Amino acid sequence: MTKRRPLSYRASDASSPTSSDLPRVWRSLDEKSNPARYHELAKEETGVQVDLVSPSALKKRVAAPAADAGSVGRRGFMMAASAATAVAATGCIRRPAEQILPHTRAPEYALPGIALHFASVLAHNGEALGVLVEQHEGRPTKIEGNAEHPASNPAGLGRWGGSNGATQAAILDLYDQDRSGLVVHREGEERHELSWADADEQIAAHFATLDANGGETIAVLHPPITSPTFLRVKQAFGRRYPRARFYAWSSVNDANVRAGLQAATGRRARPLVDYSAARVVVSLDCDFLHGEPGSVRSARLFGQARRLESASSEMSRLYIAESTLSITGSNADHRLRIASSDVLEYTKSLAHELVSKGLTELGSLASAAGSVEVPSAWLEKVAEDLVNNRGRAVVVAGSRQPAAVHALAAAINTALGANGTVVQYVDVVDTDEGEPVANLQAFVERAEGATVLVIDSNPVYDAPADLDVAAALASAAFSLHLGSHEDETSQHCTWHVPMSHELESWGDQRSIDGTIAIQQPLIAPLRGGRNAIELLGQLTGESSWRGYFAVRQTMANLIGDQSSFERAWREALHRGVVGRTNVQAFTGAVDAGAIGRVVAETTAAGGDGWEVVFTPDAKLFDGRSANNPWLLELPDPITKVVWENAAMISPASADELGVQTGRLLRISRGERSIEVPAVVVPGHADRSVTLTLGWGREHAGQFGSNVGVNVGAIRTTGALHFGRGFEVEPGGAYDLVLTQQHHSMDVDPQIPGYGRFDMPERPLAIVGTLEQYREQPDFAQWREPTPDVGPLWAEVDYQTPQPPAQGGTSWSLVPDPRPAPEDAPLRHAWGMVIDLTTCIGCSACILACHAENNVPTVGKAQVQRGREMHWLRLDRYFAGDDAENPIVAFQPVACQHCEEAPCENVCPVNATEHSPEGINEMAYNRCIGT
């Protein structure tokens, strides 16, 4: 449901609309331009529907023989990417059997087949998400959001907590067989594997020699970490080595947010937006539903404001100005295609327009409009809507936008009266304080015999290309890397120490709103390893450096009252939330003078060439989960590309370059260049290219190594998030795999030979506006006609009472002649409804299905043949006739336990049975036709 411009929809007197009543729906530009030709080609030769580069390329690809079809047997093809087995991208690999025995003697409470659930917390993208982890016989198997935690269930909106794709896929990261399990010491070209006892002795001996000079040669590099215990241990490390230097680095960060709010409020803070209280939201290049910190919280609050209980319900309205079609942009009512480099100028113009509409509080900050040209409605109408909804309107800015945009957004929100009602600000108390990573190389060169600690970071892979972190590590006398894998950074360090997974170790995390939660292990470390708290605590010299004791000490300091500590500790473990925090939200005034200085000092991204935007990948984020097959095979929510990344460009840009989807692009700036396949995305800004981070890893593991393109090769400190002045040239052909053309549900009688039996026309996706919904609330109702051939069993009449059971069963293949008592309960009728108004298209449900059912992955070559094994998929459709900026609709297609499933009639091994309540109950491990 959208409040966007009206669609070409006509109200019909019929109970179900026909395709002539609905807006045109299409999946790709090729299908939009020539649907009949596309479907004709798709059924030629093998008839397999595959991804589409062009109609001619499709014909060639379908007709080509399968080169490696004979090399993959059925048994290998069906292997699951799970804790014990996995499917590689180019074939099947059976790994040696490894037994995981969490107990030598199972405790009394661990009963086979009975799941246990434990509260914990996982950190992702600057946020700590409360989770409930399901455990079977001592092994964690599934993760869900914790309803007690405000990051996963803000304001107690539901009985269950929410989660995201990274959280669901964390289970497979835990069982990654390529995780490091040995302490490695490198001396030149020699590589030695040491026991923990020998490694502890040698590392401790080295740090003991640094006490004399106060650690003036020590450099510690780590990402922002929200753990209160890590902050405490870091401070203790600083007391032992007062002259040590700390450096902060994360490839994806919100440093611009903090800098902007520092200027606006005078405090290091983050915004905390209550989207459920907002009637109007204006997003400035901010993908708050998926790509920004706290996206799970934001999505649930935003969904609450969009949910329709009846035809008279109100919805919030979302405007977004962005270059790349994002999840948030796909759900927006109005969307402005604009280069990321021009968002600051648009913000200036919007502030100027707000002053003319009566928002004089902005004063001198909006004395002049910006230089970018945008449609007048995007200034006049947006400003009018904001002013008319004072106190219930908010402007949010994306992390990649400069500090000036965030400072201006804070000023606008203050003038709108949003502070305290829709937005609050929370002090940042994580541990990212430190010098920029750019200063590390100079420190190592200056400090004789430098010691460098790299904690849970991979700067050799993801640091800006104009920094030579590898050279800095190579020139250090002692370098130690704590990481889950022997990755690109560990290859250049003298020591590599395995890091334990979050589900294996004790810790704690603080959420954006200040909530603290305890991270408790669900299983003993499968590969050994220590986390950041334990490593730094051991180097500090603490006697109780193990995570359990360190976290208990932090909680004891926080709670204070020792007489009630044990009770508070156990309650925190049970609920997953610590009752007391030291962070309070504030809603103070903004400093107009400081904001003006930041805006004046910010210059537009220079250069007359193409703009390039660097964004975290919707699946791999910054690359830390690059060896996760679930994520690699998950279709990108927008482009539907699998097993690699691609450069997103607009249709107009593609025409200018003379390329189509699947053609290589050479993108260069100065001496740095990359080649990456293009994917044409409707809704993208013109003369702008979006590149996703996290791909092209060289030392990720058997699945993630050498997959995709490392776009960091052209990412520099001057263009960390976006920049202009790039050159883009077309290259050769490339075999890009997309799933957006697979498994069509379309039935169009206008296309000869396309359709199933004699089924009448089926709407592919039904999209309407709020006004159209109010005019005809049942416009989306459409049912397939009853099939001519019924099932072998009697159809269930759910409106009649349930007869009493007889002979151990309450159903049969023939109707039950017995009359039911008048007071007998009605039969159970099972069903599921997905509220498409609140479905944002993030694809987390697909990963949840993978984790719940251990669904196989099949690799790029098999996906190209249309053989992906997803039991649940999320179709992305475009609606309307605007190919440059279309409406986007998401349609989940679930694995349905059909009451009339055809497999029940023919199954020779009785893998599926019809339950007394009309459900197709499937024993999947017995099915021979999967």
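Residues numbered from 1 in each chain as written. Predicted model: local features only at pLDDT ≥ 70, side-chain atom pairs only at ≥ 80, totals over all residues. Heavy atoms only, no water.

## Notes on the overall build of the protein
At step 1: Scanning the protein for helices and strands turns up 26 helices and 33 strands.
At step 2: Burial status across the protein gives 55% buried among its 930 residues.
At step 3: Contacts in the protein between residues at least 24 apart in sequence constitute 71% of all its contacts with a sequence separation of at least 6.
At step 4: When the accessible area of the protein is evaluated, it comes to approximately 39,200 Å², of which 50% is carbon and sulfur surface. (Helix = DSSP H or I, 4+ residues; strand = E, 2+ residues; numbered from the N terminus. Buried < 20%, exposed > 50% of the residue type's maximum accessible area, 1.4 Å probe, protein only. Contact = heavy atoms within 4.5 Å. Areas by Shrake-Rupley, 256 points an atom, 1.4 Å probe, with all protein chains shown as cover.)

## So, the nonpolar core
At step 1: Membership of the largest hydrophobic core comes to 108 residues, with the highest contact counts inside it found for V282, F288, Y346, L350, L354, L362 and L386.
At step 2: In terms of residues, this core owes the most to one element, helix 13 (residues 403-416), which gives 11 residues.
At step 3: Each residue touching F288, except ones within four places of it in the same chain, is listed here: Y275, V281, S283, S295, S298, F302, L318, T328 and V396.
At step 4: With 29 residues, the next largest nonpolar core counts L194, F478, L482 and M499 among its residues. (Core = buried A, V, L, I, M, F, W, Y, C linked by side-chain atoms within 4.5 Å.)

## Some details on unusual backbone geometry
At step 1: Residue D456 is not a glycine yet carries a positive backbone phi of 50°.
At step 2: By the element assignment, D456 lies in the loop between strand 18 (451-455) and helix 15 (459-462).
At step 3: Even without being a glycine, K640 presents a positive backbone phi close to 65°.
At step 4: Structurally, K640 is set in the loop between helix 21 (629-633) and strand 25 (647-649).
At step 5: A relative accessible area of 4% places K640 in the buried class.

## Digging into the sheet that holds strand 20 (residues 495-498)
At step 1: The strand order across the open sheet built from eight strands is 8-7-20-19-18-9-10-17, with neighbouring strands paired in mixed fashion. With one partner strand each, in any of the chains shown, strand 8 (190-194) and strand 17 (435-436) form the two edges of the open sheet.
At step 2: Here four bridges tie strand 19 (residues 478-483) to strand 20, and the two strands are oriented parallel to one another. Along strand 20, the bridge assignment pairs L482 with V497.
At step 3: With respect to the sheet, helix 7 (residues 228-240) is in contact with strand 9 (218-222), strand 10 (245-248) and strand 18, its orientation differing from that of strand 9 by roughly 170°.
At step 4: Across the sheet, helix 17 (residues 532-540) lies against strand 18 and strand 19, angled at about 155° from strand 18, the strand it touches most. (Pairing = 2+ DSSP bridges. Axes fitted to C-alpha atoms, helices over the stretch in contact; angles between N-to-C directions.)

## Side note on the packing of aromatic side chains
At step 1: Following the criterion strictly, the structure yields 15 aromatic pairs and no others.
At step 2: A centroid spacing of 6.1 Å and a plane angle of 55° characterise the contact between Y247 and F443, whose relative ring orientation is tilted. One end of the pair, Y247, is in strand 10; the other, F443, is in helix 14 (residues 440-446), and 196 residues separate them in sequence. Residue Y247 shares its accessibility class with F443, and that shared class is buried.
At step 3: Between F565 and W569 the ring centres are 6.1 Å apart and the planes differ by 35°, which places this aromatic pair in the tilted class. (Phe/Tyr/Trp six-rings, centres within 6.5 Å; stacked < 30°, edge-to-face > 60°.)

## Digging into the pattern of salt bridges
At step 1: Taken as a whole, this structure holds 32 salt bridges when the rule is applied.
At step 2: A salt bridge links R873 to D875, with the shortest nitrogen-to-oxygen separation between them at 2.9 Å. Residues R873 and D875 agree in their burial class; the two are buried.
At step 3: If you follow the salt bridges from partner to partner, you end up with R186, R191, E193 and E486 in one network. (Salt bridge = Lys/Arg side-chain N within 4 Å of Asp/Glu carboxyl O.)

## Describing a nonpolar patch on the surface
At step 1: Among the surface-exposed residues, M832, I834 and L836 lie close enough to one another that they form a single nonpolar patch of about 300 Å² accessible area.
At step 2: By secondary structure assignment, the location of I834 is in the loop between helix 23 (770-775) and helix 24 (844-853). (Patch = residues over 30% accessible without salt bridge, like charges linked within 9 Å, V, L, I, M, F, W, Y side chains within 5 Å.)

## Looking at the packing of helix 11 (residues 343-356) against helix 12 (residues 377-388)
At step 1: Running from N to C, helix 11 and helix 12 cross one another at 55°; their axes reach a closest spacing of 9 Å. As far as their axial angle goes, helix 12 and helix 11 are oblique. Handedness of the crossing formed by helix 11 with helix 12: right-handed. Here helix 11 contributes Y346, S349, L350, E353 and L354 to the contact with helix 12, which in turn contributes W378, L379, E380, V382, A383, L386 and V387.
At step 2: Among the residues making up the contact of helix 11 with helix 12, the classes are represented as nine nonpolar, one polar and two charged. (Parallel < 35°, antiparallel > 145°, perpendicular 65-115°, else oblique. Left-handed = near helix turned anticlockwise from the far one by under 90°. Nonpolar A, V, L, I, M, F, W, Y, C, P; charged D, E, K, R; others polar.)

## So, the sheet that holds strand 16 (residues 423-427)
At step 1: Across the sheet, which stays open at both edges, the three strands sit in the order 11-16-23 with antiparallel pairing between neighbours. The sheet terminates laterally at strand 11 (269-273) and strand 23 (585-586), the two strands that pair on one side only.

## What to know about the packing of helix 7 against helix 18 (residues 547-559)
At step 1: For the pair helix 7 and helix 18, interaxial distance at closest approach is 9 Å and the crossing angle is 95°. Between helix 7 and helix 18, the crossing angle belongs to the class labelled roughly perpendicular. Where helix 7 approaches helix 18, its residues P228, T229 and R232 are matched on the opposing element by A550, V551, Q553, T554 and N557.

## Notes on empty space enclosed by the protein
At step 1: In this structure the tally under the stated criterion is seven cavities of 30 Å³ or more.
At step 2: Space inside the largest cavity adds up to approximately 400 Å³.
At step 3: Considering the residues around the largest cavity, the lining is formed by 27 residues, among which V257, P271, L272, V273 and A397 are closest to the centre.
At step 4: Mapped by element, the contributors of at least two residues to the lining of the largest cavity are helix 8 (255-265), strand 11, helix 9 (295-306), strand 15 (393-397), helix 13 and strand 16.
At step 5: Here the residues of the lining of the largest cavity are counted per class, giving 17 nonpolar, five polar and five charged. (1 Å grid on protein atoms, 1.4 Å probe; cavity = no way out; pocket = protein on both sides within 12 Å on 5 of 7 lines; lining within 4 Å. Points joined across faces, edges and corners; volume = space filled by probe spheres on them.)

## Here we look at the pairing of strand 8
At step 1: Bridge analysis of strand 7 (residues 183-187) against strand 8 gives five bridges, and the strand direction is antiparallel. Across the sheet, the residue bridging to V184 is E193, located in strand 8.
At step 2: A loop of two residues connects strand 7 with strand 8, the two strands running antiparallel in sequence, and G188 in this loop sits at a positive phi of about 65°.

## Comments concerning the confidence of the model for the protein
At step 1: Per-residue confidence for the protein gives a mean pLDDT of 80, with 78% of residues at or over 70.
At step 2: Ranking the elements of the protein by mean pLDDT puts helix 3 (residues 55-63) last with 30 and strand 12 (residues 280-284) first with 95.
At step 3: In the predicted structure, residues 1-20 sits below a pLDDT of 50 and forms 67 contacts with residues beyond four places in sequence or in another chain.
At step 4: Note that residues 747-760 has pLDDT below 50 and, in this model, 21 contacts with residues that lie over four places away or in other chains. (pLDDT = per-residue confidence, 0-100.)

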